[in-house]
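Notes for the structure review
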Amino acid sequence: MTAWSRPPAPLRLVLGSDSYRFLQAAPSERLAEIEAQRDTAGLTDITDGA
């Protein structure tokens, strides 16, 4: 098998179940912070005729 026919290597190599839990939780926490701002995010939008 040659290098160009192999699937690409993972961007992040997760070693250990504690690392897996940490890396899995981080995006969920960030998404929750973003979702909490959903209603106010549009307040800065520019609308036509304003």
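Structure report, in brief.

The rules we used
- Residues numbered from 1 in each chain as written.
- Predicted model: local features only at pLDDT ≥ 70, side-chain atom pairs only at ≥ 80, totals over all residues.
- Heavy atoms only, no water.
- Helix = DSSP H or I, 4+ residues; strand = E, 2+ residues; numbered from the N terminus.
- Rg over C-alpha atoms; globule rule 2.2 N^0.38 Å.
- Buried < 20%, exposed > 50% of the residue type's maximum accessible area, 1.4 Å probe, protein only.
- Areas by Shrake-Rupley, 256 points an atom, 1.4 Å probe, with all protein chains shown as cover.
- Lys, Arg positive; Asp, Glu negative; His and termini not counted.
- Charge placed at Lys NZ, Arg CZ, Asp CG, Glu CD.
- Patch = residues over 30% accessible without salt bridge, like charges linked within 9 Å, V, L, I, M, F, W, Y side chains within 5 Å.
- Salt bridge = Lys/Arg side-chain N within 4 Å of Asp/Glu carboxyl O.

Bringing the overall build of the chain into the picture now. The secondary structure content of the chain amounts to 2 helices and 0 strands. Radius of gyration (C-alpha) of the chain: 20 Å, far over the 10 Å computed for a compact globule of 50 residues. Oriented by its inertia axes, the alpha-carbon framework of the chain measures out at about 60 × 30 × 10 Å. Per-residue burial for the chain yields a buried fraction of 2% across its 50 residues. Accessible area of the chain: about 5200 Å², with a carbon and sulfur share of 58%. For the chain, the centre of its 5 positive side-chain charges and the centre of its 7 negative side-chain charges are spaced 17 Å apart.

With that settled, the discussion passes to a nonpolar patch on the surface. A grouping of Val14, Tyr20, Phe22 and Leu23 is seen on the molecular surface, where their side chains present a nonpolar patch of about 400 Å² in accessible area. Secondary-structure assignment places Val14 in the segment before α1 (17-35).

Read these as spatial facts, not as claims about activity.
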